[in-house]
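Spelled out from the first residue to the last, the chains are:
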Amino acid sequence: LGTNVVRVLVDSGYRVRAMIEPTRGAGMIADPSVEIIRGSLLDRQFIESSVQGTGAIIHTAASTAVWPERIPAMRALNIEAATRLAAAARDAGARVFVHVGSASSFAWGPKHKPGDETGAYTSSRFGLDYLDTKHEAQELMLALDRPDFRMTVVNPTFMFGPYDSKPGSGAMILAIARRQVPGYTAGGRSFADVRAVARGIVAALERGRGGQCYILGGQNLSYKEAFAIIASVTGSRPPRLRMPAAAALAYGALGSARSHASGKAPRLSLAMTRVSLEGRYYDSSKAERELEYTKGDLAQAVGDAVAWFKSRGML
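A few points on the structure. These figures come from a predicted structure and were not determined experimentally.

## With respect to the layout of surface pockets
In this structure, the second largest pocket occupies an estimated 170 Å³ of space. Taken together, Y251, L254, G255, R258, S259, S262, K264, A265, P266, R267 and L268 make up the full set of residues lining the second largest pocket.

## What about helix α6 (residues 194-207)?
Here α6 spans 20 Å end to end across 14 residues, near enough to the 20 Å set by a 1.5 Å rise per residue. Most of α6 sits inside the fold, with 11 of its 14 residues counted as buried.

## Quick notes on the environment of D297
One can find D297 in the loop between α10 (285-291) and α11 (298-311). Note: C-alpha distance between D297 and I47 (250 residues apart in sequence) is 36 Å. When neighbours within four sequence positions are excluded, D297 is seen to be in contact with D193 and Q219. Within the structure, the side chain of D297 is placed 3.0 Å from the backbone nitrogen of Q300, a separation counted as a polar contact.

## Looking at the packing of aromatic side chains
Summed over the entire model, instances satisfying the criterion amount to 9 aromatic pairs. With a centroid separation of 6.0 Å and 70° between ring planes, the pair formed by Y163 and W308 is classed as edge-to-face. You can see Y163 sitting in the loop between β6 (158-160) and α5 (171-177) and its partner W308 sitting in helix α11, a full 145 residues away along the chain. Taking the relative accessible area as the measure of exposure, W308 reaches 10% and is therefore buried.

## Description of the sheet that holds strand β4 (residues 96-100)
Pairing in this open sheet of 4 strands is parallel, and the strands run β3-β4-β5-β8 from one edge to the other. Each of the sheet's edge strands pairs with one partner strand only, and the pair in question is β3 (56-59) and β8 (212-216). Each adjacent strand pair in this sheet contributes to an overall mean axis angle of 15°, direction not counted. In terms of strand pairing, strand β5 (residues 150-156) meets β8 through 5 bridges, oriented parallel.

## Description of the pairing of β3
The side-chain alternation of β3 yields one buried face, formed by I57 and H59, and one unburied face, formed by A56 and I58. Handedness of the β3-helix α3 (residues 74-91)-β4 crossover: right-handed.

## Things to note about the nonpolar core
The biggest cluster of nonpolar side chains holds 30 residues, and the ones touching the most others in it are V34, V98, V154, V197, I201, L216 and L291. Elements with a minimum of two residues in this core: α1 (2-11), β1 (17-20), β4, α6, β8 and α10. The element contributing the most residues to this core is α6, with 9 residues. Apart from residues lying up to four places away in sequence, V154 is in contact with V98, H99, V100, G101, S102, I201, A204, Y214 and L216. Of all hydrophobic cores here, the second largest spans 22 residues; its members include L221, A301, V306 and F309.

## Comments concerning the packing of helix α7 (residues 223-234) against α11
In the contact formed by α7 and α11, the axes pass within 9 Å of each other and the chain directions differ by 45°. Here α7 is positioned oblique relative to α11, judged by the angle of their axes. In this structure, α7 meets α11 at a crossing whose hand is right-handed. Only L298, A299, V302, G303 and V306 of α11 make contact with α7, whose side of the interface consists of A226, I229, I230, V233 and T234. Taken together, the residues of the contact of α7 with α11 sort by class into 8 nonpolar, 2 polar and no charged.

Calculation notes
- Residues numbered from 1 in each chain as written.
- Predicted model: local features only at pLDDT ≥ 70, side-chain atom pairs only at ≥ 80, totals over all residues.
- Heavy atoms only, no water.
- 1 Å grid on protein atoms, 1.4 Å probe; cavity = no way out; pocket = protein on both sides within 12 Å on 5 of 7 lines; lining within 4 Å.
- Points joined across faces, edges and corners; volume = space filled by probe spheres on them.
- Helix = DSSP H or I, 4+ residues; strand = E, 2+ residues; numbered from the N terminus.
- Expected span 1.5 Å × (residues − 1).
- Buried < 20%, exposed > 50% of the residue type's maximum accessible area, 1.4 Å probe, protein only.
- Contact = heavy atoms within 4.5 Å.
- Polar contact = N/O pair within 3.5 Å; in protein donor to acceptor, adjacent residues only side chain to side chain.
- Phe/Tyr/Trp six-rings, centres within 6.5 Å; stacked < 30°, edge-to-face > 60°.
- Pairing = 2+ DSSP bridges.
- Axes fitted to C-alpha atoms, helices over the stretch in contact; angles between N-to-C directions.
- Right-handed = clockwise from strand over helix to strand, strands pointing away.
- Core = buried A, V, L, I, M, F, W, Y, C linked by side-chain atoms within 4.5 Å.
- Parallel < 35°, antiparallel > 145°, perpendicular 65-115°, else oblique.
- Left-handed = near helix turned anticlockwise from the far one by under 90°.
- Nonpolar A, V, L, I, M, F, W, Y, C, P; charged D, E, K, R; others polar.

Below you can see the structure in the form of structure tokens.
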């Protein structure tokens, strides 16, 4: 997401300073006009020096780990570093701060009535620190909004697209392309094009309202529907087995048990399975009205992600 945001900013004529972890490559930014600075958001001195001379901050960094379910150190990055960065930006004279949260900080809904920014947080029942810390950070960030320091939060859904170097969400594309997905559950989610989200973030920078959240989503699809599109784009066979809830939960429980014994992250844990059984659908109408947000196309996002994976030898 950060790489795509930087590219949109540069294309829009902004002068950009990119804060990057010391061990991360910066080659994907590929623009000599971008000032690269390296350091840790856990380093107070680095944060305070980095924000000097900036007019606005876009904060995309976070730990998205979902294994193990409880990660005490996650709070330091997702909450403490985020709020410290915002305070440092405000003290340095920045006027605008855009914090990238998660759509999961709001209740989702079914396809006929997807969730929006008015829905209360309901994901604490899954016991995942990632979801809990993103929601807590959002509430703390919104409280920092002032007339002279506009705080806007954007809430992306599940993103696909190029420059997914880890890979993160793109691991789903790779798994389906390699026929490593045994089946699908009854759930689904909102699948977004990361480039559409990046454009939405820059739009929030320019005209988002202070103290407001904006869901940046895409197509609301069941896993069966989404897997079929991914398989079509990658030239593989879509998973055909619909896993009953009981079977899926047993599979997830086995994954968790194995990982607790081995110390290696599971492909699917019990908590992740419980999430996958839900229809996590969201409505981006508010962003469409106020930010002129335009959703991307899933097939296009997957196709461009696949092309990028192939160019990097990952597929």
